[in-house]
Amino acid sequence: MAFVAKRCGVKFDPPSIVLVYEDGKTKKMRQRIMPVRNFSKCSDCSQAAERLKNNARHSAYLQGVSLQQLERLHAVLRDHLRGRTLEQSLASLRLDPDQDLNKLSDEELARRKAQMDVLFERNRKHKDDPDFVYNLEVEFPEVDDREAGSWDESEEGF
Amino acid sequence: MARGTTDISELDQEKYDTDERVKIICLGDSAVGKSKLMERFLMDGYRPEQLSTYALTLYKYTTTVDGKAVLVDFWDTAGQERFQSMHPSYYYKAHACIMVFDVQRKITYKNLANWYKELREYRPEIPCIVVANKIDADMKVTQRNFNFAKKQGLPLYYVSAADGTNVVKLFKDAIKLAMSYKQNSNDFMDEVMRELENFELEQNEESSDKEDNVSKEEKTHLQ
Ligand SMILES: Nc1nc2c(ncn2[C@@H]2O[C@H](COP(=O)(O)OP(=O)(O)O)[C@@H](O)[C@H]2O)c(=O)[nH]1
Ligand SMILES: [Mg+2]
């Protein structure tokens, strides 16, 4: 690959996505700043992320950057436009395993799902993968492993 | 009850009484992976029907069970789980239930108790499978005890919609359970309904001699 993505970030002014990458030929680290255009506090982050990923000038550099990651970076930019601090924004992007996702708005829920998609895509077996098995059956023998921990504790009524 | 979904009762569900049709419902919190599981099972072959006014998605699937063609309707929620309660029509005439939690979020496991309670209010007898999804995220969870299933006497499946582990088995088994429930069904709720209908007719007989014959005929149809 001509450019190997190393790290991503954002710049607030003007709103831009920043990519640190290695140039495959020279082996030098370089930084690329990609301004995000026509982006407001009402913009759709997943659309904007897709637009950037397919942008004629940037797409070659963004090969190794997932759409989900670009979407999250856009979410940080948009939060800034909405007056949220970076800390607030990052906290909302972090997955809190105890959070009740039933209580979120559509948009917040979509954001959580986009985060979950990172792991989902990483572990996903596609139909065209050589080792894909449609009916993959695995037996998990019942074990009584206390060390694995239990979610049942001694709570009543459960 | 949840907003904007009351019209769900207008859906024609009488079709589920015919021999070759079953209805299987999915339950569980938001983002546990209900829809991803459906999609993994059906792969490209799926034709989801978005009934957005009803906040649900219907997936149709045809298969054969014991040499007979069966049309399966899988009912998936499309946001209504948010209210932690489904419209009664969602449960109506269901033959089996797939109840999912996310092994990465304890709260979704805790909430199974609420989902199960609501399920049993409407469908006291139908087979129900408990599903621990997302095991790809942490295989160690397959060694953990999830006593809820055991306590309720329900089968527990460890699955992953991402890598496909046990997904097809889960759905095939759910279809088998739904079919055998349907064939041997003596569903309490439906029985009660039938009793009530008969009861009304008998009362009619008493109140009017002229209608006697009609009533008797109606009664035999009902039996
Ligand atoms: N790692 C992993 N993530 C999953 C799996 N199934 C679903 N997910 C993630 O969970 C998110 C919510 O799934 P979805 O099917 O929309 O949940 P639903 O609200 O219950 O229908 C998805 O966006 C995926 O990223 C799985 O088996 N493994
Ligand atoms: Mg869903």
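The structure we're discussing is the one just above.
Residues numbered from 1 in each chain as written. Chains lettered and ligands numbered in written order. Predicted model: local features only at pLDDT ≥ 70, side-chain atom pairs only at ≥ 80, totals over all residues. Heavy atoms only, no water.

Asks: Please provide a residue-by-residue account of the packing of aromatic side chains, values included.
Replies: All names here are of chain B. Counting across every chain of the model gives 20 aromatic pairs over all chains. With a centroid separation of 4.9 Å and 15° between ring planes, the pair formed by Tyr91 and Tyr122 is classed as stacked. Taken together, the residues Tyr91 in helix H2 (residues 88–91) and Tyr122 in helix H4 (residues 112–122) connect sequence positions 31 residues apart. Classification of Tyr91 as buried rests on a relative accessible area of 0%. For the ring pair Phe146 and Tyr158, a centre distance of 6.3 Å and an interplane angle of 50° mean the geometry is tilted. Of the two residues, Phe146 is situated in the loop between strand S6 (128–133) and helix H5 (147–152) and Tyr158 in strand S7 (residues 156–158); the sequence distance between them amounts to twelve residues. (Phe/Tyr/Trp six-rings, centres within 6.5 Å; stacked < 30°, edge-to-face > 60°. Helix = DSSP H or I, 4+ residues; strand = E, 2+ residues; numbered from the N terminus. Buried < 20%, exposed > 50% of the residue type's maximum accessible area, 1.4 Å probe, protein only.)

Asks: Can you explain the side chain of Asn166(B)? Please cite residues and give values.
Replies: Residue placement: Asn166(B) occurs in the loop between S7 and helix H6 (167–183). In contact with Asn166(B), not counting residues within four places along its chain, are Leu136(A), Glu137(A), Val138(A), Phe140(A), Tyr158(B) and Val159(B). (Contact = heavy atoms within 4.5 Å.)

Asks: Tell me about the interface of chain A and chain B, and please be specific about residues and values.
Replies: With 41 residues of chain A at the contact, the number on the chain B side is 46 residues. Inspection of the region where chain A meets chain B yields one salt bridge. As a salt-bridge pair, Arg82(B) and Asp106(A) come within 2.6 Å of each other at their nearest N and O atoms. Our enumeration of links across chain A and chain B arrives at 14 residue pairs in polar contact (both at pLDDT 80 or more). (Salt bridge = Lys/Arg side-chain N within 4 Å of Asp/Glu carboxyl O. Polar contact = N/O pair within 3.5 Å; in protein donor to acceptor, adjacent residues only side chain to side chain.)

None of the figures reported here should be taken as evidence of function without further support.
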